Amino acid sequence: MSAVIEEHHDDHHDHKPTGIGRWLFSTNHKDIGTMYLCFSFLMLFIGGTMALVIRAELFQPGLQFVEPEFFNQMTTLHGLIMVFGVIMPAFVGLANWMVPMMIGAPDMALPRMNNWSFWLLPGAFGLLIASLVMSIMGMGSAPNFGWTFYAPLSTTYGPASTDFFIFSVHMMGISSIMGAINIIATIMNMRAPGMTYMKMPIFVWTWFITAYLLIAVMPVLAGAVTMMLTDRNFGTSFFDAAGGGDPVMFQHIFWFFGHPEVYIMILPAFGVISQIVPTFARKKIFGYSSMVYATSSIAFLSFIVWAHHMFTTGMPVAAELFFMYATMLIAVPTGVKVFNWVSTMWKGSMTFETPMLFAISFIIMFSIGGFTGLMLAVAPADFQYHDTYFVVAHFHYVLVNGALYSIFAAVYFWLPKWTGNMYDEKLGKLHFWISTISINLLFFPMHFVGLAGMPRRIPDYNMQFAEFNQWATVGAFIFGFSQLILLYNIIKTARGRSTEKATSQVWEGAEGLEWTLPSPAPFHSFTTPPTVK
Amino acid sequence: MRAAIRVAGFISLMLSSGQLLADYQLDMRPGVTSFSQGAYEIHTMVMWISVAIAVVVFGAMTYAIIYHRKSKGHKASSFDDNTTLEIVWTIIPFIILGFMAVPATKVLLEMEDTSNSDMSIKVTGYQWKWHYDYLGEDVSFFSNISTPDSLSLATSANVDRTAETYLLDVDNRMVIPVNKKVRMLFTANDVIHSWWIPDFGVKKDTIPGFINESWIKTDKPGVYRGQCTELCGTNHGFMPIVVEVKSEKDYMAWLAGKKAEAAEAAASAEKTWTMEEQMAHGEKVYATNCAACHQANGQGIPNVFPGLVGSPVAIGDIAKHIDVIINGVPGTAMQAFGGQLNDADIAALVTYERNAWGNDVGDMAQPADIKAAR
Amino acid sequence: MAAKPNNKQNGNARVVSRLVLIVVGMFGFGFALVPLYNVFCDLTGLNGKTSGSAAVIESIEVDKSREIKVEFLTMLNEDMPWKFEALQDSVKVYPGQPMKVDFIARNMTDKDMTGQAIPSVTPGLAAKYFQKTECFCFTEQVLKAGEEKVMPLLFIVDPSISEDMHEITLSYTFFIKPGTEGADRGVKTSSVSKALIN
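None of the values given here were measured: they were computed from a predicted structure. (Residues numbered from 1 in each chain as written. Chains lettered and ligands numbered in written order. Predicted model: local features only at pLDDT ≥ 70, side-chain atom pairs only at ≥ 80, totals over all residues.)

Enquirer: Give me the lowdown on the overall build of chain C, citing residues and values where you can.
Expert: On a plain count of helices and strands, chain C comes out with 2 helices and 9 strands. Starting at the N terminus, the α and β elements of chain C follow one another as α-β-β-β-β-β-β-β-β-β-α. For chain C, the proportion of its 198 residues judged to be buried stands at 36%. Residue pairs in contact within chain C that sit at least 24 positions apart in sequence constitute 75% of those at least 6 positions apart. (Helix = DSSP H or I, 4+ residues; strand = E, 2+ residues; numbered from the N terminus. Buried ≥ 20, exposed ≤ 12 C-beta atoms within 10 Å, placed from the backbone. Contact = placed C-beta atoms within 7 Å.)

Enquirer: I'd like a rundown of the confidence of the model for chain C, residues and numbers included.
Expert: The predicted coordinates ought not to be read in detail in places where the model reports low pLDDT. Residue-level pLDDT values for chain C average 84, and 85% of them are 70 or greater. Predicted complex, confidence summary: ipTM 0.92, pTM 0.92. (pLDDT = per-residue confidence, 0-100.)

Enquirer: Lay out the packing of helix α9 (residues 288-301) of chain A against helix α11 (residues 331-345) of chain A with the relevant residues and their values.
Expert: Residues and elements named next belong to chain A. Packing of α9 against α11 brings their axes to within 8 Å, and their N-to-C directions diverge by 150°. As summarised for this structure, α9 and α11 are arranged roughly antiparallel, according to the angle between their axes. Every pair of crossing elements has a handedness; the one defined by α9 and α11 is left-handed. Facing α9, whose interface residues are Ser-290, Met-291, Ala-294, Ser-297 and Ile-298, α11 presents Pro-333, Thr-334, Val-336, Lys-337 and Asn-340. Grouping the amino acids of the contact of α9 with α11 by side-chain chemistry returns 5 nonpolar, 4 polar and 1 charged. (Axes fitted to C-alpha atoms, helices over the stretch in contact; angles between N-to-C directions. Parallel < 35°, antiparallel > 145°, perpendicular 65-115°, else oblique. Left-handed = near helix turned anticlockwise from the far one by under 90°. Nonpolar A, V, L, I, M, F, W, Y, C, P; charged D, E, K, R; others polar.)

Enquirer: Hey, could you go over the nonpolar core for me, with residue numbers and the actual values?
Expert: Counting 304 residues, the largest nonpolar core has Ile-87, Ile-215 and Ala-409 of chain A as its most contacted members. Among the elements that line this core, the one with the most residues is helix α3 (residues 68-103) of chain A, at 23 residues. Among the nonpolar cores identified, the runner-up in size contains 18 residues, and Tyr-286, Ile-325, Met-364 and Ile-370 of chain B belong to it. (Core = buried A, V, L, I, M, F, W, Y, C linked by C-beta atoms within 7 Å.)

Enquirer: Just give me the short version of the sheet that holds strand β9 (residues 222-227) of chain B, but keep the residues and values in it.
Expert: Residues and elements named next belong to chain B. Strand order across the open sheet formed by 3 strands is β4-β10-β9, with mixed pairing between neighbours. With partners counted over all chains shown, the strands left at the sheet margins are β4 (174-177) and β9, one partner each. When the angles between neighbouring strand axes are averaged without regard to direction, this sheet yields 25°. Along the sheet face, helix α4 (residues 248-268) touches β4 and β10 (240-246) and points at about 140° away from the line of β4. (Pairing = 2+ DSSP bridges.)

Enquirer: Any chance you could break down the interface of chain A and chain B for me, citing the residues and the numbers?
Expert: Taken together, the contact between chain A and chain B spans 83 residues of the former and 82 residues of the latter. Sorting elements by how many residues they give to the side of chain A that touches chain B places α11 of chain A first, with 8 residues. Tallied by class, residues from the side of chain A that touches chain B come to 52 nonpolar, 20 polar and 11 charged.

Enquirer: Would you mind going over the sheet that holds strand β8 (residues 148-157) of chain C in detail, with residue names and values included?
Expert: Strand pairs in the sheet, formed through backbone hydrogen bonds, run parallel or antiparallel to each other. All names here are of chain C. Sheet architecture is open: 4 strands sit in the order β2-β4-β8-β6, paired in antiparallel fashion. Of all strands in the sheet, those bounded by a partner on one side alone are β2 (82-86) and β6 (130-135). Pairs of neighbouring strands in the sheet enclose a mean axial angle of 25°, with direction left out of account.

Enquirer: Can you tell me about unusual backbone geometry, naming the residues and giving the values?
Expert: The linkage connecting Ser-519 of chain A with the following residue, Pro-520 of chain A, adopts the cis geometry, with an omega of 5°. Of note, Pro-520 of chain A is situated in the segment after α16 (466-495). Residue Gln-127 of chain B is joined to Trp-128 of chain B through a cis peptide bond whose omega torsion reads 0°. Within the secondary structure, Trp-128 of chain B is located in the loop between β1 (119-126) and β2 (129-134). For Arg-282 of chain A, which is not glycine, the phi dihedral falls at a positive 55°. Within the secondary structure layout, Arg-282 of chain A lies in the loop between α8 (267-281) and α9. Despite not being glycine, Trp-357 of chain B has its phi angle at roughly 55°, a positive value. Assignment of secondary structure puts Trp-357 of chain B in the loop between α9 (343-355) and α10 (367-373).

Pasting the structure below:
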């Protein structure tokens, strides 16, 4: 018991609030980050269960488990939950935890708004899932028009729950917008002295750019669903041909949001990989500045390619050509990033702990998804791929084998920093191998059935598609259940009973301000900003 | 090492797509029109270029994973930049993309030219069937899935799922002549659908209130199947498309047959039908148009679609029964079938519903009654 | 926790207010896309939409060197219970030549109904050159129970239409005016949701 007051001990005033209030009223970026991550993991299991219902029905030709109407509700909610309830919140959770620490800031710029950003989500998804519960109880269909909710199926022909869906989307949108504003303000204003923009970790850069994408396009989505709301309830005809409107305009507005949205879901993934690969290769990221420029180019290009989702709507040739060329161009900066990661690995001194396994896997499988994306960009070929399982394969490769894998990688990478305990490496590797084999069994055959002619969003199919669908279903169940290994590992690590303690640096090759803090990172960190040379 | 094996495994799977697993269809079919073949060629080119790039990039990764690892004692280099390399691997992909864009542009421009066609067919997407209208020929008909039992969990097991054309067969095929440029016009009755035949390489959205166009020309007679490819509601997966390409002679014969059928239907509206004739015909009409909701056994789905067994409409006033079928029931899912079914069909349907499943009302409707009620 | 220096808070306020402005602006942009889209389509005719109001044509030269076939298609949305036909399947016109085509609509029900005809042209690029000087699609059509009406279309194909356009297809789809007698589209798919009410 020393009488000396130590000035730079962040942790000895570490009085965290307690009880439920700690979480309900939190203004702490670490706690909020934890809540986002736990929420998204829960949603992963919920959305994943829906996927298993879908895959169970698609195991064999014939209808065995659900009516077509319910099947459409499953595909719709699965998509909405995974996009808005898993991938996006998980990345926001990672940002909340890591961005302040990476730039030497004590917290996010607007801690109270941060709280509200999070708590909107359980509300939004509660509403959405309530519509499903009501549907199961026979009170009317939950949203059943696909996560892309095209008009007029969702407007004139939508079930009563559509209006709840619209409200839910508004809440998710507000949450994302506020989160993005917070991130931009934090990055712009709260970097430690000496941390210039070009010294920020790449994860911070990718989130900075992603945040700008969010504030640019989430409001457009809000506009689209508001137009839906007024078309349905207040007599407008934005998307109704009868009143002089145009269903295709819905698609333009939706995809103007929708395309940047998918880059919102992948840029933070790129950031995570750019943190992990240098750490385990013990070598600095190759081409830091071109990584920044490439990410910015991808973000810019993402605004001018939206109609590649609409090649079959009857666009004039000039437009088809423009969108084809612009979409193909995105391959260039994306390729640069892949080459840079490989160059980081090249002549490094690599070890292959679980985060590195997921990161390497990301690079390979995301690239496969990128190649099928290039194939889809080519308009005449797209006429054969559009709305088939080829597209389903493509986007699952980039979002599951891609974005979700980067989130797994990030969790393994940063869990020791968050909890102060090393996760179980053997279980981590087990999770990795079972997931990776099963995920490829699940999604790779979808390329084949798509090329063979199987459309999307159908609950039953002809015998010619049966074999690969069976493989996919088997893969789905194995993949789904193997996530329980991760759940177990996380709980085990958090409790810390029989785990190895983590050091500050955790990983031998880890560099950055976050690794100068003790593990677990103290409740309040960098209350005095560090100086960056 | 394991990573290397995994990577090699996947690459060889992709490369051997033709030989290995020959029973399973792994690739797109080239099809029978110049677009489907153009699309196939571009698809193949882009795919193999992608595979080649993947082999190089993943190969380099694999090499690094094997040799540049700490456990092999490899010490990390310190380079973290090389501007020349960055420029090279920005420009080369750009050139490769340009190389792909040229043939893609050619195929696309060819597809858009619908002029100088020999005939036109208007395709209308309905929930959940297609309508074909041969413009200028006075031939038009609906094309429904031939196994309406497929549409519901309760009855799906009645259908033979191993049938080669399971879910891909219809009651009335679209028929076109070989070697003629057929202009297709597309629209929809309700929501957006999409008409696709993989072997033709034609996929076009059908949008309510708007008209789209495309064209087909093939020199290969045969039967070609496709499906609706835009989510359009409950039975999106159950509205297949079947196009039969016949020789010109056979096409003219078919066309004549269709006109004769229409004349016969008009004539049959004049005649008086017997109970047996109506029950038989009515059962067919019911299966195609009504069973999806009211079910083959007439029981409906509780709280969703009313059953017809012992229902007030089916055993009550016949005029009201006829009105419900012709004009539908506003505010409910019971649509107006007056525009889709002819007098003979509706008469048979009314008779069937009033006498099947133990309803046994004993009365029947004649086509003339339906005509009067319209 | 150390108090944030004042300039940091001001900095935050500045950044945040600018970002909120962007958010509001982008929300407005979403709505602005509606007229922008219409303007773009009007200028280029790209999605086959023709003008919703009568074209005013000053004296125009007829180009007798080529003929354009204009084909007419009629469609009744959601099996609307009217009869709707063009009296001619198609006509051949010279660019610049005024042409009149009649359409017939008949209300087959025993209730008065209001319909709106929506035109659509293919190829889309031809729409800009298809000038309607009088069209029943400009206004709602009210038909009493059983009433039949002849509805004229007067149009001119603009001679500046490109040389390789030989065929234009004009399709009219009649919709029941939303909110009027008989308008109940979309009930089929929302049927399950109405089950409880029934």
